[in-house]
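Observations on the model geometry
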Amino acid sequence: MLYRARLFLRQSWNLGGETKTVESDVNQLAGKVDARRLVVTVGNLSVIDLFDGNGFAHDPRSQFMNTALATNGAYDYASDARGYTWGAAAEYFYDDWTLRAGRFRQPLESNGLPLDSGIFKHFGDQIELEHAHTVGGQGGKLRLLAFRNAASMGSFRDALFDAQASGGVPSVARVRKESIKYGFGVGFEQNLTPDIGVFARAGWNDGATEAYAFAEIERALSAGAAFKGTSWGRHDDVLGLALARNGLSAAHRDYLAAGGVGAFIGDGRLNYRPETVLEAYYNIKLVKHVSATVDVQRIANPAYNADRGPVTVGSIRLHAEF
């Protein structure tokens, strides 16, 4: 089955400052731009094409495969079930600083494929401040993120009260109403040498309502490193190592302990423990534009269940782009 992932218009206005060369990349045309500029993007894309970027943990096509390492795990960004949406964002670049903000369409229902057309009633808003810096001659970035979602969502506490009144099992699907979810995140990346980079992220959302589009994570910590293969004669290969720690809000834990089930996790009467993911991958460049990856994940308390695991997940990935 074929589907369109991206279809967007991007317009830039150069406003002065140093002229920079931009290399051709995914979703980016090569050219020269001013260090001070305004960029507006409108159309069909993934929110994390623009927000919460990270040079070492962002692209599951070539880097870490676990969801909690592709972006901030607590960032419930607007998207359909495949991870794409429609909307608009503006980015203001001023030398080492970037401020970006955007609004995007939510799915019609939690983790659904059709998108809600009422972008002024149901939406995902985000704003991010990014600063590029140099430490010891090596580049790095710091990002601060905030988001706010508006949708018809079920509250965990409302579901518990409803179950107590009816004598049944709590279900967020029975108590959905117009709600707001908000959260925050911080991200960091830093090259230590031209061939070694490190990163870290931390995220939090209010955890009062169901996970609507991304993942059932409300408390997120992750950190890791990436090593280019220059020292062993494989300049285009990359070895990555990372650790992620995921948690749930108190209201979400109570809901699952009482027998509630979520869109992604929860099989009733959950024996809760925070989930820990250790992941390692080796990305091998085969020929130009073609690579293969061997990936191993060790997951303790998978889906927050202390009665499961730990489990080991092995993967092989082949990626080609033309």
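To keep things clear, this report deals only with the structure shown in the data block. (Residues numbered from 1 in each chain as written. Predicted model: local features only at pLDDT ≥ 70, side-chain atom pairs only at ≥ 80, totals over all residues. Heavy atoms only, no water.)

Things to note about the side chain of Asp52
Here is the rule: Only runs of H or I of at least four residues qualify as helices and only runs of E of at least two qualify as strands under DSSP, and these elements are numbered from the N terminus. Distance and chemistry together define a polar contact, namely a pair of N or O atoms within 3.5 Å, with one atom able to donate a hydrogen and the other to accept it when in protein, and with adjacent residues in sequence counting only for side-chain atoms on both sides. It only takes one pair of heavy atoms within 4.5 Å for two residues to be counted as in contact.
On the secondary structure map, Asp52 appears in the loop between strand S4 (36-45) and helix H1 (67-70). A distance of 3.2 Å separates a polar atom in the side chain of Asp52 from a polar atom in the side chain of Arg201. In this view, Asp52 contacts His58, Thr71, Asn72, Tyr75, Glu128, Leu145 and Arg201; residues no more than four positions away in its chain are not counted.

Comments concerning unusual backbone geometry
Test applied: Working definition: with a 1.4 Å probe on protein chains only, accessible area under 20% of the residue-type maximum means buried, over 50% means exposed, and in between means partly exposed.
Residues Gly309 and Pro310 are joined by a peptide bond in cis, for which omega reads 0°. Positive phi, close to 60°, is recorded for Asn111, a residue that is not glycine. Inspection of the secondary structure puts Asn111 in the loop between strand S6 (97-105) and strand S7 (123-135). Taking the relative accessible area as the measure of exposure, Asn111 reaches 27% and is therefore partly exposed.

What about the layout of surface pockets?
Selection rule: Detection works on a 1 Å grid of protein atoms alone, calling trapped sets that fit a 1.4 Å probe cavities and calling open sets with protein on both sides within 12 Å along at least five of seven lines pockets, with lining residues defined by an atom within 4 Å of a point. Grid points are joined across faces, edges and corners, and a volume is the space filled by probe spheres set on the points. Under the scheme applied, nonpolar residues are Ala, Val, Leu, Ile, Met, Phe, Trp, Tyr, Cys and Pro; charged residues are Asp, Glu, Lys and Arg; polar residues are all the others, including Gly.
In this structure, the second largest pocket encloses a volume near 280 Å³. Around the second largest pocket, the lining is made up of 16 residues, and of these Asn66, Thr67, Ile217, Asn246 and Glu275 lie nearest the centre. Elements supplying a minimum of two residues to the lining of the second largest pocket: H1 and strand S14 (290-300). Looking at the lining of the second largest pocket, its residues break down into 10 nonpolar, 4 polar and 2 charged.

Don't take any of this as a statement about function, it's just geometry.
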